[in-house]
Amino acid sequence: MAQRGIQPDSAKFCCSICLDLLKDPVTIPCGHSYCMSCIKDCWDGEEHKEIYSCPQCRRTFTPRPVLEKSTMLADIVEEMKRMGLQAAPPDLCYAGPGDVACDFCSGRKLKALKSCLACLASYCEQHLQPHYDAAPFKKHKLVEATVKLQENICSRHDEVMKIFCRTDQQCICYLCSMDEHEGHRKVSAAAERTERQEELGLSRQKIQQRIQDTEKDVKVLQQEVEAISRSADKAVEDSEEIFTELIRLLEKRRSDVKQQIRSQQEEEVSRAEEVEEKLKQEIAELRRKDAELEQLSHTQDHIHFLQNYPSLSCLSEATHSPSINIRPLSYFEDVSAAVSELRDKLQELLSEEWSKISLTATGVDVLLPHPEPKTRAEFLQYSCHITLDPNTAHTQLSLSEENRKATLMEEEQSYPSHPDRFTGCCQVLSRESLTGRCYWEVEWKGGVDIAVAYQDISRTEDDECEFGFDDKSWSLYFKNPICRFDHNNIVTKIPLPVPSRMGVYLDHRAGILSFYSVSETMTLLHRVQTTFTQPLHAGLGLYDNGNTAEFCELK
């Protein structure tokens, strides 16, 4: 009868990777044998390397060995399977890479089950037994197998460290306590562990509470993300429907205009063609009469001439009104002009309303604030191209061709009158409205206001229109050696030296407006935290003839 269970030699035919009887056994050049799939998977994981190694003896091979099935081993394993032999159970498994090996096994070492803090050694089940049976060993402290036993040995005295020095906050041995740690506050490692264990419990409570709080935050954020997505999807769906209706309405009006034009064209052309036909008939009749009169003029018979002339010379009434020749021509140009006027009004309306739409879209309130940039490279991520609006420029301000630079002139410029033009102060606003996060830089000479303002800021002398002296504008004024920030008639002095280049950062939604001195580092001069209720425009103000201010090209 075949013997079942564990045989002493069965372990010799086990794969040290899967710890089971060999399957399709292969023997590599160092003599160790493995399941073909096990060693193949092991080496496949080392494909990025040029050197392959044996998992047991660590012998290396280059190039990768070719795997051939060992027929003899395969036959022996099959015979063992027929005899009912199985692989060694886990308690007799050999130590592999990453395992703690038994310090007392000779030859191939088995996995250690426990480590002894007194012996400073690790034991497999067989060699661990004396610690359970022999009285001297029963007092030893056993822990889960670990490779860190040497951490318990004093590197100076080669003794086990069982004492904790509270003065120096480190573990020491008994020789250390009588040497450099003499006179220090010392307790046993066990006593210190007990006290720290209590602290550990409190630390874990704090950590677990932090985990719970953070998990709540994560859940809230997840709900926020879902709500944002739902709201965005609904807004997209609604806006698509509204724009579709607008397009349908425009298409309907376009079709109506086209139909009206074609209908009127058909009517007018028909009338013209009818008149044309009558005129052609009249021309034919007149030519016939002219031919008869010419013929009559050549007759020699006086009686015939006198009898026929009265009837031939009598002309019928003209079929058309003489006014047709003097009335000014007017076709469908007025329709084109009216449609063009409608287009201009729609464009103006869309431009005005788009700022509101953009502001509401970028003003979505979420939980997480955007961190303010720190370096110039971070600020440049939000750089925007700003141009000056000539319709807002005071008549003494001369703008460059690109509308990026303003110069204060002694003589007035020939600007057309416009309701948006500043008349009380030598100021100008940007053409672009600013929402979201924006950054720009300004270089100047002389006295300057670098500002942001609402579109409806006052423009005339009758009201306070200077940047910073109302609740609709925020301005940093600089005229050496004075530097100040102005808003709503409140002046804040800035003592820092200011270079000739200023950086302005705006986070419209967060209500942040910051002015920076731009050099190798960004130096904050003044920061405003408020609530902006409208889109903003960048502004420049100049004070003396020849002073200039220019928006910089940012790259």
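Residues numbered from 1 in each chain as written. Predicted model: local features only at pLDDT ≥ 70, side-chain atom pairs only at ≥ 80, totals over all residues. Heavy atoms only, no water.

Colleague: Tell me about the side chain of Thr387, and name the residues and values.
Modeller: Tracing the sequence through the fold places Thr387 in the loop between α9 (376-380) and β11 (397-399). One polar contact links Thr387 to Glu432, side chain to side chain, over a distance of 2.7 Å. Not counting residues up to four positions away in its chain, the partners in contact with Thr387 are Glu402, Asn403, Arg404, Ser430, Arg431 and Glu432. (Helix = DSSP H or I, 4+ residues; strand = E, 2+ residues; numbered from the N terminus. Polar contact = N/O pair within 3.5 Å; in protein donor to acceptor, adjacent residues only side chain to side chain. Contact = heavy atoms within 4.5 Å.)

Colleague: Now, about a negative patch on the surface: what can you tell me, with residues and values included?
Modeller: There is a patch of like negative charges on the surface, built from Asp233, Glu237, Glu241 and Glu245. Tracing the backbone through its elements, the reader meets Glu237 in helix α6 (residues 189-297). (Patch = residues over 30% accessible without salt bridge, like charges linked within 9 Å, V, L, I, M, F, W, Y side chains within 5 Å. Areas by Shrake-Rupley, 256 points an atom, 1.4 Å probe, with all protein chains shown as cover. Salt bridge = Lys/Arg side-chain N within 4 Å of Asp/Glu carboxyl O. Lys, Arg positive; Asp, Glu negative; His and termini not counted. Charge placed at Lys NZ, Arg CZ, Asp CG, Glu CD.)

Colleague: Could you give an account of helix α7 (residues 302-313), with specific residues and numbers?
Modeller: With 12 residues, α7 extends 16 Å between its outermost C-alpha atoms, agreeing within 8% with the 16 Å of an ideal straight helix rising 1.5 Å per residue. N-capping of α7 is provided by Asp301, with a side-chain oxygen placed 3.1 Å from the backbone N of Ile303. (Expected span 1.5 Å × (residues − 1).)

Colleague: So what's going on with the domain arrangement of the protein? Residues and values would help.
Modeller: For the protein, the domain assignment lists domain 1 (11-83) and domain 2 (376-551). Taking only C-alpha atoms into account, the centre of domain 1 sits 77 Å from that of domain 2. (Domains from an automatic or database assignment.)

Colleague: Got a sec to walk through the sheet that holds strand β19 (residues 501-507)? Specific residues and values, please.
Modeller: In sheet architecture, strand pairing relies on hydrogen bonds along the backbone and comes in two forms, parallel and antiparallel. One open sheet holds the seven strands; their spatial order is β11-β12-β23-β14-β19-β20-β21, and the pairing between them is antiparallel. Unpaired on one side and paired on the other, β11 and β21 (522-529) mark the two borders of the sheet. In this sheet, adjacent strand axes meet at a mean angle of 20 degrees when their direction is disregarded. Bridge count for β19 against strand β20 (residues 512-518) is six bridges, and the pairing is antiparallel. In the strand pairing of β20, Met502 is matched with Ser517. (Pairing = 2+ DSSP bridges. Axes fitted to C-alpha atoms, helices over the stretch in contact; angles between N-to-C directions.)

Colleague: Which residues make up a nonpolar patch on the surface, and what values do they have?
Modeller: Together, Ile242, Phe243, Leu246 and Ile247 make up a nonpolar patch on the protein surface, roughly 390 Å² of accessible area in all. Along the chain, the position of Ile242 falls in helix α6.

Colleague: Could you give an account of the pattern of salt bridges, naming the residues involved and the relevant values?
Modeller: Two side chains carrying opposite charge are able to pair once their charged atoms lie near each other. Across all of its chains, the model carries 28 salt bridges by this definition. A salt bridge links Arg166 to Glu195, with the nearest nitrogen and oxygen atoms 2.7 Å apart. Separated by 29 residues along the polypeptide, Arg166 in the loop between β8 (163-165) and β9 (170-172) and Glu195 in helix α6 bring together distant segments of the chain. Using a relative accessible area of 22% as the deciding quantity, one classes Arg166 as partly exposed. (Buried < 20%, exposed > 50% of the residue type's maximum accessible area, 1.4 Å probe, protein only.)

Colleague: Tell me what's going on with the pairing of strand β16 (residues 473-479), and back it up with residues and numbers.
Modeller: Most of β16 is tucked away, with six of its seven residues classed as buried. Two elements, strand β15 (residues 448-454) and β16, share six bridges in a ladder whose sense is antiparallel. Counterpart to Ala451 in the pairing with β16 is Ser475. Two strands pair when backbone bridges link them, and β16 and strand β17 (residues 482-487) are joined in this way by six bridges, in the antiparallel orientation. Across the sheet, the residue bridging to Trp474 is His487, located in β17. Taking the residues between adjacent antiparallel strands as the criterion, β16 and β17 are bridged by two residues.

Colleague: Can you lay out the pairing of β19 for me, pointing to particular residues and giving the numbers?
Modeller: With respect to burial, β19 is a largely interior element, six of its seven residues being buried. Examined bridge by bridge, strand β14 (residues 437-445) and β19 share seven bridges and lie antiparallel to one another. What sits directly across from Glu441, in β19, is Gly503. Between the antiparallel neighbours β19 and β20 lie four residues, among them Gly511 with a positive phi of about 75 degrees.

Colleague: Provide a residue-level description of the sheet that holds β8, including the pertinent values.
Modeller: A sheet is described by the order of its strands in space; here three strands give the open sequence β9-β8-β10, paired in antiparallel fashion. Of all the strands in the sheet, just β9 and β10 (186-188) have a single pairing partner and so form its edges. Here the average twist between neighbouring strands, direction ignored, is 35 degrees. One ladder, built from three bridges, connects β8 with β9; its direction is antiparallel. Paired with Ile163 across the strands is Ile172, a residue of β9. Packing against the sheet, α6 makes contact with β8 and β10, and its axis sits at approximately 90 degrees to β10.

Colleague: Kindly report on the UniProt feature "domain: B box-type" (unreviewed entry) in the protein, identifying the contributing residues and their values.
Modeller: Per the UniProt record, "domain: B box-type" (unreviewed entry) is found at residues 149-189. Helix makes up 15% of residues 149-189 and strand makes up 22%, while its end C-alpha atoms are separated by 15 Å. (UniProt positions renumbered as here; feature names shortened; annotations may be inferred.)

Colleague: Outline the nonpolar core, listing residues and values.
Modeller: In this structure, Trp440, Trp474, Met502 and Leu513 are the most contacted members of the largest nonpolar core, which totals 39 residues. Residue contacts for Trp474: discarding those within four places in its chain leaves Ile450, Ala451, Val452, Tyr454, Phe485, Asp486, His487, Leu513, Val528, Thr530, Phe532 and Leu536. Counting residues in hydrophobic clusters, the runner-up holds 18 residues, among them Cys15, Leu21, Trp43 and Leu73. (Core = buried A, V, L, I, M, F, W, Y, C linked by side-chain atoms within 4.5 Å.)

Colleague: Just give me the short version of the environment of Lys555, but keep the residues and values in it.
Modeller: Along the polypeptide, Lys555 turns up in the segment after β23 (548-551). When the C-alpha positions of Lys555 and Leu380 are compared, they lie 7.6 Å apart, and in sequence the two are 175 residues distant.

Colleague: Report on the confidence of the model for the protein, specifying residues and quantitative values.
Modeller: On average, residues of the protein score 84 in pLDDT, and 90% of them are at 70 or above. Here residues 1-8 is modelled with pLDDT under 50, and outside its nearest four sequence neighbours on either side it reaches 10 contacts, counting other chains as well. (pLDDT = per-residue confidence, 0-100.)

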